[in-house]
Amino acid sequence: MVVKVKAYAKINLMLDIVNRRNDGYHDLFMIMQSVGVYDTVTVTENKSKSISISCNIDSIPLDSRNIAYKAAEAFFAATKKKNKGINIDIVKRIPHAAGLAGGSADGAAVIIALNKIYKTNLSDDELCRIGVKIGADVPFCLTGGTLLAQGIGDVLNKVKPLRRCYIVLAKPDFDVNTGYAYKQFDTCGKTHTPDKLGMLCAMQSRDLDAICAKMENVFEQFIEVPNRINIKEVIKNNGAKGFCMSGSGPTVFGIFDDKEKAQKAAAELKDFAKDIVICTPVNKGCKIYE
Ligand code: ATP
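Residues numbered from 1 in each chain as written. Predicted model: local features only at pLDDT ≥ 70, side-chain atom pairs only at ≥ 80, totals over all residues. Heavy atoms only, no water.

J.: Explain unusual backbone geometry here, please?
T.: The bulk of non-glycine residues show a negative phi, and the bulk of peptide bonds are trans. For the bond running from Gly249 to Pro250, omega is 5°, close enough to zero to count as cis. With respect to the secondary-structure elements, Pro250 resides in the loop between strand S9 (242-245) and strand S10 (252-256). In this structure, Lys49 takes a positive phi of about 60° despite not being glycine. You can see Lys49 is positioned in the loop between strand S2 (26-45) and strand S3 (51-55). Lys49 gets classed as exposed once you look at its relative accessible area, which sits at 62%. Residue Ala97 is not a glycine yet carries a positive backbone phi of 50°. (Helix = DSSP H or I, 4+ residues; strand = E, 2+ residues; numbered from the N terminus. Buried < 20%, exposed > 50% of the residue type's maximum accessible area, 1.4 Å probe, protein only.)

Listed below in structure tokens is the structure:
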């Protein structure tokens with residue numbers, strides 16, 4: 001059997017680290033939105049009794065360091081199904097190490113594909129329990145759309161979907177290590193706490209101006225990203241409603257209500273960013289191709 005899945009990227013409309021827990025994890029408050037840039041993950045059964053990975057990007061590991069590989073292992077461990085053999089092919093379009101959850105999306109896609117191949121019929125909660133063992137963003141990627149994620153990323157609640165808009169993603173030529181970013185929080189702490197209640201009210205009323213005014217990511221307080229100011233300036237000067245960094249960075253995104261403004265900003269961002277994508281919100285984290 002072959003199962004092909006679209007694995008969508010996400011942005012954080014709000015990201016607050018609430019506190020560091022005794023077990024070393026962090027309690028988070030994240031308003032997350034799936035966006036229309038996706039990796040294509042194809043899981044093909046074979047008789048190798050092992051997991052193999054192929055990918056169109058050279059710098060992505062093809063062994064047990066790959067999040068897709070870890071997801072497959074976690075699926076077999078949780079379901080006690082014997083791995084008869086699979087190949088996972090990943091066509092990456094989501095910029096990686098970008099704060100866009102590209103690896104987590106691939107991991108979620110593998111879990112969804114294996115749930116179909118092995119006819120395990122796992123519920124959303126069961127899928128989420130497998131996903132969270134691999135990474136904080138995997139539970140979100142399994143569901144997607146517009147969600148409030150709390151706890152370590154595993155407590156998900158629906159919020160009203162974002163209105164149609166154009167989102168410009170700009171990733172400078174710089175990678176942020178997520179582990180390092182959390183260590184910076186442990187060392188530096190935060191100086192300002194986002195207005196979480198204000199954001200929830202704005203989401204509830206689907207008021208794009210109010211949402212954009214409340215967008216905030218605490219990682220921006222202690223993670224330096226080259227060109228972030230320039231990127232924000234270009235986005236602002238082209239009439240964006242708002243802008244913010246996603247995840248632990250370095251991607252900065254701008255929200256526009258007008259496609260032409262978004263296209264103009266994207267063209268001007270070429271001096272400051274390596275990867276530039278224009279996308280729109282989507283209502284799923286993963287989608288199996290028909
Ligand atoms: P998040 O927003 O969840 O922190 P991210 O967008 O910052 O994710 P990823 O694209 O998930 O980062 O990649 C982080 C690191 O994980 C990269 O350095 C990459 O080498 C490694 N990695 C392992 N598997 C994958 C994968 N399937 N896709 C992308 N990166 C992967």
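J.: Hey, could you run me through the packing of aromatic side chains in this one?
T.: Tallied over the full model, the rule gives seven aromatic pairs. A centroid spacing of 5.6 Å and a plane angle of 80° characterise the contact between Phe75 and Phe76, whose relative ring orientation is edge-to-face. Each member of the pair Phe75 and Phe76 is classed as buried. Aromatic side chains Phe219 and Phe222 sit 5.7 Å apart centroid to centroid with 65° between the ring planes, which places their arrangement in the edge-to-face category. (Phe/Tyr/Trp six-rings, centres within 6.5 Å; stacked < 30°, edge-to-face > 60°.)

J.: Could you clarify how one ought to interpret empty space enclosed by the protein in this entry?
T.: Space left empty within the atom packing is revealed by a probe, the size of a water molecule, rolled over the atoms. Tallied over the entire structure, the rule returns one cavity of 30 Å³ or more. Of the volumes computed, that of the largest cavity is approximately 30 Å³. For the largest cavity, the full set of lining residues is Lys160, Pro161, Leu162, Arg163, Met203, Arg206, Leu208 and Ile211. Looking at the lining of the largest cavity residue by residue, the classes come out as five nonpolar, no polar and three charged. (1 Å grid on protein atoms, 1.4 Å probe; cavity = no way out; pocket = protein on both sides within 12 Å on 5 of 7 lines; lining within 4 Å. Points joined across faces, edges and corners; volume = space filled by probe spheres on them. Nonpolar A, V, L, I, M, F, W, Y, C, P; charged D, E, K, R; others polar.)

J.: Any chance you could explain the pattern of salt bridges here in plain terms?
T.: Pairing between side chains of opposite charge can happen when the charged atoms of each approach one another. Throughout the structure, instances matching the rule amount to 17 salt bridges. A salt bridge links Lys92 to Asp39, with the nearest nitrogen and oxygen atoms 2.4 Å apart. With Lys92 in the loop between strand S4 (86-91) and helix H2 (102-117) and Asp39 in strand S2, this residue pair connects regions lying 53 residues apart in the sequence. A single burial state applies to Lys92 and to Asp39, both of which are buried. Two residues, Lys214 and Asp195, come together in a salt bridge whose shortest N-O distance is 2.7 Å. Residue Lys214 is found in helix H7 (residues 208-214), and its partner Asp195 is found in the loop between helix H5 (178-188) and helix H6 (196-205); the two are separated by 19 residues along the sequence. Residue class for Lys214 comes out partly exposed when judged on its relative accessible area of 31%. The structure contains a network of salt bridges with shared partners spanning Asp16, Lys190 and Lys196. (Salt bridge = Lys/Arg side-chain N within 4 Å of Asp/Glu carboxyl O.)

J.: Would you mind going over the sheet that holds S10 with me for this structure?
T.: Within a sheet, adjacent strands bond to each other through the backbone by hydrogen bonds, running parallel or antiparallel. Taking strand neighbours across the sheet as the criterion, the four strands line up as S9-S10-S7-S11 in an open arrangement whose pairing is antiparallel. Two strands bound the open sheet, and with one partner strand each, they are S9 and strand S11 (275-279). When the angles between neighbouring strand axes are averaged without regard to direction, this sheet yields 15°. Direction of pairing for strand S7 (residues 166-171) relative to S10: antiparallel, over a ladder of five bridges. Paired with Tyr166 across the two strands is Phe256, which belongs to S10. Across the sheet, helix H8 (residues 228-237) is in contact with S7, S9 and S10; its angle to S10 comes to roughly 5°. (Pairing = 2+ DSSP bridges. Axes fitted to C-alpha atoms, helices over the stretch in contact; angles between N-to-C directions. Contact = heavy atoms within 4.5 Å.)

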